[in-house]
Amino acid sequence: MQKKPSDWKIVLQFGLIGGAVSVLLSLVGMVVAFDQRYIISNILTFGQITLFAPIALTTYLSIRRISAPTRGKSLLWAALAGTIGGLLLALLVALGSVVNLRAMFVNATSDLYNIITFGVPVPLGLLVPLVFCAFLGILMGGLYLLTPRWRTTILQASAWVLLFGLLRDLIMTVITPWGIIGTIIGLMFALNGLTIISAAILFVVVGFFTYRGYGRKAEDRWINRLPPQRQKFVRWGTIVVLLVVVLLLPYLLGIFFSDILDNTGIYILMGLGLNIVVGFAGLLDLGYVAFYAIGAYSMAMLTSPELGIAHLTFFQALPLALIVSVFAGIVLGLPVLRLRGDYLAIVTLGFGEIIRLLVLSDWLKSFLGGPQGVQHIAQPQIGNFVFNTQQSLYYLILVFIAIAGFVAWRLKESHVGRSWMALREDEDVAQAMGINTVLTKLLAFGTGAFFSGLAGTLFAAKLGSSYPSSFNFFVSINVLSLIIIGGMGSIPGVFVGALVLVSAPDILREFSDFRFMFYGAVLVSMMLFRPEGLWPEARRKLELHEEAPPEADLEPQPAVLSTGQQ
Amino acid sequence: MSKRLFAIVSVLILASFVLAACGPSTPAYTCTDKIGCVTIKPGDPIHIAWALVVAGPNETLGVDSRNGIEIAIDDAGGKILGHAVKFDGQDTGCSAEGGQAAGAKLAADPTIIAVIGTSCSSEARVAEPLFSKAGFVTVSPSNTAPDLTEAGNANNYPGYLRTAHNDKVQGAKAAEFAWNVLGVKVAATINDGSLYADKLQQVFADNFKQLGGTITTQLAVDPAQTDMSSVLADIASGKPELIYFPIFLPAGPLIIQQAKKTPGLENTKLMGADGLFSPDVPKGAGDDVEGFMVSSPLVTGAAYDAFVQKYTTKFGKAPISIFHAHAYDAFNMVKAAIEKVAVQQPDGTIIIPRQALRDAMYATSGFQGLTGVLTCTPTGDCANPTIGVYEYHKGQYPPTLIFPTK
Amino acid sequence: MLRNLRQRATLTDIVVWGIGIFIGIMLIIGFYRAIFVPPYNAKYTYFTWADLIVKGLALGGVYALIAMGYTLVYGILRMINFAHSEVFMSGPFTAVFLANALANAGYYEKNPLLSLILVAALSITVSMTVAILLERVAYRPLRTAPRLVPLITAIGASFFLIYTFRGLYGSGIFAYPTIPALQGSWTLFGVFELYKTQVVVITFAVIMMFILFYIVQWTKIGKAMRAVSEDKEAAALMGIDVDRIIVFTFALGGASAGAAGILYALQFPVVNAFIGFVPGLKAFTAAVLGGIGSVPGAFLGAMILGVLESLGPNLFLDPLRINNPSQLKDAIAFLILVFILIFRPSGILGERMTQTKV
């Protein structure tokens, strides 16, 4: 066994990593971009949090590792770790003031340096990150030394303050039309972020409830102490209220956020489909965007007068488009039946790209519109009502999601669903047990293609047009990330994943530049730390958590299981 | 704890709905405008948005236009009719997809009065239906595709105008230049699938054939394509004297370089258009850029020179593209129109009726701008353009004007 | 034998073979037309074909060096390093700044060889570093995980790298300056032009391949690499430090990719954060085509792929009256990928890999 490394080494290592990550986030431009947004008005910006969070985090982690005899010593090590991180930042500023870093790193601007040094000019400013990070280290050390109850309290309270600060725009948009109540709640916010007072109040209130409620077991929760009929009433009541909110959401949130909801909805549809292919059947399909494109273009071909092929209405063309998608799913699934794992992934990726190139080419321009795409696609119409606003589309999408979710749920528990899971666990054994793998796989591909094609038709109808550049590999990765984050094979996980990956970046506008960085980092982190996802399939959660000790340490563990193979 | 909190919040939400319905309503100016009106209370800004390409390989085009607008805002003192100008916008990426993303985001913001954009015609084709439906006035400083202002064309939408030239003029001028000045009889064209390039090379080809020339072939590349060897081999088989490729970056510089390494094309003349008027062209094509020509708008005059001075002072370097003056004029046209149609209320609120604003924009006549005297046609062409031909030299930007010579 | 075939053939086999044969026939028709049928056969001169072949070989050289990385890592870890395309991108994208600095200072004219060596050295170093970091952070903890997990991690890492580099350096145009010494061409037989850059690229690629092959086949560490790829546990028992060998493999693949980056930059001087994605996929195709796990296979596959891709649009697609065939150039590579993986996954020189449980 390896000897445990010395405290010095741990502190050095973690300090350097923290500092390096902070420098990276600075140079990539996140810090300056996020600096526009204040969490607490005029006091704390999101940029500052982004800049110093990595150092704080690594400092905290380092103290957990070291075995300091006294509390004072812990704090000292913590301060040291912080200082090392701050040193890297100071070096960045020092270098930047001498050499024109901007010629290579576009984001090494004086704005950045000012954020790091809190506006104090160089050379005195170089001391600022050192001192501040040392101080931050001591804070983290103190946090570690607190009892878990206090620690959780402080962390949770801070998290709520951060959340409210970030969601200020969303909240303001929602509450502005609420008359008096809106104005009162609106007092909480300043022009940009929370006011100091409201932040303090929020912190105290959340802290109070967390402290009180800490350690309460499930039986003690107030809802479980009610008599059974009342419990049922409250539970059903909550569901009803939730449903009402979901139905009223587009009118609560306005056009801009409804648009985000629509996009999320379309991705949820695709996620449900890919969840079947990857999550249930274990077939890693990286070319999923192909069916999305086929659905959208089928709708385009059947309804747009520009291409002149046919001029049906949306609902007339819908079943045809879906049939084409399913057919495509089967056709693209046939050649890959014998492939597994990595090779299956790459071939499907190849298919996705081939479809994209075909749709983009001039050769097929008369059928598919070429690089300029197709416009004037029919929008869904029932009688005289046309679904052409973000809000009306929301309801249409909601209906389809409900249907799709129901279908997916029933499929999962059905004979077919169980065949898929058998296939996922071990293909050869499944075959030996008499499952027709060919049929099962084709069924998986076909069903997945159905959902994706449906999403594609809605996408085309929503925009009224279809452009080849929208159907690229990134879409496939988006959907894959969705279900990975939510939990492969888990239906509620799809919703969670979509909320995190599609809604969140759109809500925080300045985040959109960094969204793919975020995706990549999240994918890697999830695989390293929580491969079962955020809302995992019940089966997997049971399997995993029976074995794992309650205090899983944060060291990267080799992922124990993700596709069921132990 | 959270369940209780949740219950309280839900009750509040439901209650506030009731309250909101009963709340006091603001006394409204009866808006008789066909599209609708925007009310701007005292202290609120007038929201003008930009939809330009400010990131990616063609960023110089959009950044340059945006800079021009910023100078116009400065010159107006940052205000229109006493209200501050709120100037923000979305990157459009010079692609249909980017135009759609930017268009959707901007169209969802009802506070926007006018959009200055887009940069590339392929974006406009996609974004304009969204802006038109949202009721905005759109003025483009650099869209040049003829379709966008052609009556009855599917790509022409109400509310759209431009201060940039129409490519029917640019294509014709380029063909004349090739035939008369360069003496070229045989030519080939390359486009990149975008609305702009496709239409412009077609105008060039039609005019060139009318003058008596031969077009050997008209091919297309993908905008992100790096390997041009098969296209160039195909073109070389026709032995053209000139290749006209009115496309964008990064494909343009790549074609320039690879043409010099294609047997049969080493000495063929190469010509592009305003999409390749950028300091990134000599950067990307290196030494091979020597002799590469582009057709582009020609803007002159004392007022323009003063403007360039202001630009250089404010941004630290000379203009990085050629539509900055057009963008400046676009903003001023919008400002003039707003000043004309806005209804001023006694308490300082102003109401801007959207359809009236559009009508005022289309009625612009004899407007003195940096790019000339602007008079708008009913379909949105406002410019009275002069097209020049420029030539690049190694490591030098901007390219030198070679036609018309002064 | 025919009876055997009839027993084993399933419906899917028939359909798949049917599609394959159809496409094969179309390609033969195209080829035939291009060579024998007017007007297609008079369109291009022999010199044009020769030039396209040379360009294809130069492309193949780049793919070969990238494919090395894929094949080495697959051999050792049985995993597709999806992020290798970003390892390839990081080198030239970083070195472009050094190249421009050197050119502005005049070294490109005075001392082209030294400048090139410096730029190549930087590119190789950066790529190697990225590869080693990847292994340490993303792959090492997941060595015992089921197959899907490292693949997804690799995809995530790939995305992360693309957008991190884009964030660091920006999204504008970055181009390598022209090297005056490499401008122009040598004329053969009085007519045929051999462009200097292409000669340099092909020569350098061949040399690098020999060096890599030598390392893998004839050095002690190469022997250790082959041992680890055969059987990890046995190699560990024999006293080989498996972790160190794996790091070395990644480093070697990274260095190779960094060198490939410079060769790429010599042909296509405009670089950005996205130049890795498609060449990475094509290099992977090349590795599979040649037989994954085999170093000479990677080279062979890459050269074939490069030439096919270069000739493809003009030789096969144009005579089939597909207009603007160069837009479908990438599709040719992807089609080859799909076909190889379906019909002959072991590649030309490789071992039978995919029928067994992977």
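Before going further, it helps to examine the domain arrangement of chain B. Residues and elements named next belong to chain B. In terms of domains, chain B is made up of domain 1 (37-166 + 301-385) and domain 2 (168-298 + 388-403). With centres defined by C-alpha atoms, the gap from domain 1 to domain 2 works out at 29 Å. The partner domain 2 presents 17 residues to the 19 residues of domain 1 that form the contact. Listing elements by their share of the side of domain 1 that touches domain 2, those giving two or more residues are helix 2 (59-75) and helix 4 (121-134).

Here we come to the sheet that holds strand 9 (residues 214-220) of chain B. Residues and elements named next belong to chain B. Taken in spatial order, the seven strands line up as 9-8-10-11-12-17-18 in an open sheet, and their pairing is mixed. Both outer strands of the open sheet, strand 9 and strand 18 (400-403), are each paired with one neighbouring strand and no more. Going from strand to strand, the sheet's axes swing by 30 degrees on average, the running direction of each strand aside. Here two bridges tie strand 11 (residues 269-272) to strand 12 (residues 293-297), and the two strands are oriented parallel to one another. Bridging from a neighbouring strand, Met-271 pairs with Met-293 of strand 12. Sitting on the sheet, helix 5 (residues 167-181) touches strand 8 (186-191), strand 10 (242-244), strand 11, strand 12, strand 17 (387-391) and strand 18, and the angle it makes with strand 17 is about 55 degrees.

For the rest of this paragraph, the subject is the interface of chain C and chain B. Frequently, the measure chosen for interface size is the accessible area removed from exposure when the parts meet. Contact with chain C, which involves 27 residues of that partner, is made by 30 residues of chain B. Going through the elements one at a time, helix 3 (46-77), strand 3 (192-195) and helix 13 (295-317) of chain C are the ones with two or more residues in the side of chain C that touches chain B. Looking at the side of chain C that touches chain B element by element, the count peaks at five residues for helix 3 of chain C. Residues belonging to the side of chain C that touches chain B are distributed by class as follows: twelve nonpolar, ten polar and five charged.

Attention now goes to the packing of helix 8 (residues 196-218) of chain C against helix 9 (residues 220-230) of chain C. All names here are of chain C. At their nearest, the axes of helix 8 and helix 9 sit 5 Å apart, and the two run at 70 degrees to each other. Judged by the angle between their axes, helix 8 and helix 9 are roughly perpendicular. Of helix 9, the residues touching helix 8 (which contributes Ile-215, Val-216, Gln-217 and Trp-218) are Gly-222, Met-225 and Arg-226. Split into classes, the residues belonging to the contact of helix 8 with helix 9 amount to four nonpolar, two polar and one charged.

Right, let's talk about the nonpolar core for a bit. Formed by 418 residues in total, the largest nonpolar core has its most connected members in Leu-269 of chain A together with Ala-64, Leu-65, Ala-67 and Leu-263 of chain C. Aside from chain neighbours lying at most four places away, what touches Ala-64 of chain C is Ala-205, Met-209, Ala-286, Ala-298, Phe-299, Ala-302 and Met-303 of chain C.

What counts and how
- Residues numbered from 1 in each chain as written.
- Chains lettered and ligands numbered in written order.
- Predicted model: local features only at pLDDT ≥ 70, side-chain atom pairs only at ≥ 80, totals over all residues.
- Domains from an automatic or database assignment.
- Contact = placed C-beta atoms within 7 Å.
- Helix = DSSP H or I, 4+ residues; strand = E, 2+ residues; numbered from the N terminus.
- Pairing = 2+ DSSP bridges.
- Axes fitted to C-alpha atoms, helices over the stretch in contact; angles between N-to-C directions.
- Nonpolar A, V, L, I, M, F, W, Y, C, P; charged D, E, K, R; others polar.
- Parallel < 35°, antiparallel > 145°, perpendicular 65-115°, else oblique.
- Core = buried A, V, L, I, M, F, W, Y, C linked by C-beta atoms within 7 Å.
- Buried ≥ 20, exposed ≤ 12 C-beta atoms within 10 Å, placed from the backbone.

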